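Reading the structure
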Amino acid sequence: MIALVVVLVAAAGFAVHHFWTGRAQPVSVPEVVRSAAPEEAAGSSAAGLEPDAGPSAATVSGASAVGGGGGAAGASGAGIVVDVSGKVRNPGIHRLPAGSRVADALRAAGGIRPGVDLTGINRARLLADGEQVVVGAPAAPGGNGSGGSAGSAGSAGTGAGTGAAAAGPIGLNTATAEQLDTLPGVGPVLAQHIIDYRTEHGGFRSVDELREVNGIGDRRFSDLQNLVRP
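Rules used in this analysis
- Residues numbered from 1 in each chain as written.
- Predicted model: local features only at pLDDT ≥ 70, side-chain atom pairs only at ≥ 80, totals over all residues.
- Heavy atoms only, no water.
- Helix = DSSP H or I, 4+ residues; strand = E, 2+ residues; numbered from the N terminus.
- Buried < 20%, exposed > 50% of the residue type's maximum accessible area, 1.4 Å probe, protein only.
- Areas by Shrake-Rupley, 256 points an atom, 1.4 Å probe, with all protein chains shown as cover.
- Patch = residues over 30% accessible without salt bridge, like charges linked within 9 Å, V, L, I, M, F, W, Y side chains within 5 Å.
- Salt bridge = Lys/Arg side-chain N within 4 Å of Asp/Glu carboxyl O.
- Core = buried A, V, L, I, M, F, W, Y, C linked by side-chain atoms within 4.5 Å.
- Contact = heavy atoms within 4.5 Å.
- Phe/Tyr/Trp six-rings, centres within 6.5 Å; stacked < 30°, edge-to-face > 60°.
- Pairing = 2+ DSSP bridges.
- Expected span 1.5 Å × (residues − 1).
- Arc of directions from axis to C-beta.
- Axes fitted to C-alpha atoms, helices over the stretch in contact; angles between N-to-C directions.

Below, the discussion takes up the overall build of the protein chain. Along the backbone of the protein chain there are seven helices and five strands. Secondary structure elements of the protein chain, listed N to C terminal, follow the sequence α-α-β-β-α-β-α-β-α-α-α-β. Looking at the protein chain residue by residue over its 230 residues, the buried ones come to 29%. Taken as a whole, the protein chain presents about 14100 Å² of accessible surface, with 61% of it coming from carbon and sulfur.

What follows is the structure, encoded as structure tokens:
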């Protein structure tokens, strides 16, 4: 009897299992994934490239504009170099804007020393590149006022040389401080240095000894060597 019950229970369990596994089950519809159309992909690519192309073009245009502006600024910013010597506060080489005049060169050199005669100096004259402006040098008789006083490198040398030749070179062993002060680039202090050297060394034996005076360099010596004698 017990064996029959066990068999029936087993048969019932098998039937239930068979019924459960054989029942109909719902089937879900698989999700369809669409791929981008070729036109859309091309449009996206073009749209993605446009932002990059804009800044690049703007950068190239900006660089061209800056380059052009720099060239124009360089052309307009060209200057001249002049040599201002003689009785000015700061003689030497000075760089000035193109179109500068003699007055601008004198201003760049610190101005003219007090007591210097400005007769014959045309302060309104335009300067050229490489020009020399000499203030206070002896002027040549009958000169045009632009040679020894404020002329170009060539005319200044000619005017100063002619004026010195007409008046005669200044004797280093006999000149007073006032006479030495009339030389280009020589002021009261440098004139006293020349006299001190003359006193200490018993006079000048040659013009070349002028190089040994405190305050006289090669450039100033070249301005003086034709205007003085031992």
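All right, on to a nonpolar patch on the surface then. Residues Met1, Ile2, Leu4, Val6 and Leu8 make up a contiguous nonpolar surface patch of roughly 610 Å² in combined accessible area. Within the fold, Leu8 resides in helix H1 (residues 2-21). We classify Leu8 as exposed; its relative accessible area is 54%.

Moving on to the nonpolar core. Membership of the largest hydrophobic core comes to 20 residues, with the highest contact counts inside it found for Leu180, Leu183, Ile194, Leu210, Val213 and Ile216. At the level of secondary structure, the elements contributing two or more residues to this core comprise helix H6 (188-201) and helix H7 (218-224). Residue contributions to this core peak at five residues, all from H6. Once you skip the residues sitting within four places of it in the chain, Ile194 turns out to touch Leu172, Leu180, Phe204, Leu210, Val213 and Ile216. Counting 15 residues, the second-largest nonpolar core is a separate cluster that includes Val82, Val84, Val102 and Ala105.

This part is about the side chain of Lys87. In this structure, Lys87 sits in the loop between strand E1 (79-86) and strand E2 (92-97). Its relative accessible area of 10% is what places Lys87 among the buried residues.

Further remarks concern the packing of aromatic side chains. Scanning the model with the defined rule gives one aromatic pair in all. With a centroid separation of 5.1 Å and 35° between ring planes, the pair formed by Tyr197 and Phe204 is classed as tilted. In this pair, the class of Tyr197 matches that of Phe204, namely buried.

Burial along strand E3 (residues 132-135) is two-sided: the face carrying Gln132 and Val134 and the face carrying Val133 and Val135 are both buried. Summarising the sheet, E1 and E3 pair through four bridges and their orientation is parallel. Among the inter-strand pairings, Asp83 is bridged to a residue of E3, identified as Gln132.

With that settled, the discussion passes to the pairing of E1. Most of E1 sits out of view: six of its eight residues are buried. As paired elements, E1 and E2 share six bridges and run antiparallel to each other. Note that in E2 the partner of Ile80 across the bridge is Leu96. Counted along the chain from E1 to the antiparallel partner E2, the turn is five residues long.

Attention now moves to the side chain of Ser85. Structurally, Ser85 can be placed in strand E1. Residues contacting Ser85, with those up to four places away along its chain left out, are Pro91, Gln132, Val133, Val134, Val135, Arg219 and Asp223.

With that out of the way, let us pick up H6. Every α-helix winds through 3.6 residues per turn, so residues three or four apart in the chain are directed the same way. In a regular helix each residue adds 1.5 Å, so 14 residues correspond to 20 Å; H6 covers 20 Å between its end C-alpha atoms and thus fits that length. For H6, the full list of buried residues reads Leu190, Ala191, Ile194, Ile195, Tyr197 and Arg198. Mapping the buried residues of H6 onto a view down its axis gives an arc of 155°, with all of them on the same face. In H6, the exposed positions angled more than 90 degrees off the buried face are occupied by Pro188, Val189, Thr199 and Glu200. Two residues or fewer after H6 comes Gly202, characterised by a positive phi angle close to 75°.

Moving on to the sheet that holds E1. Here we have three strands laid out as an open sheet, ordered E2-E1-E3, and mixed in their pairing. Only two strands of the sheet have a single partner each, and these edge strands are E2 and E3. Put simply, the sheet's adjacent strands are angled 30° from each other on average, direction ignored.

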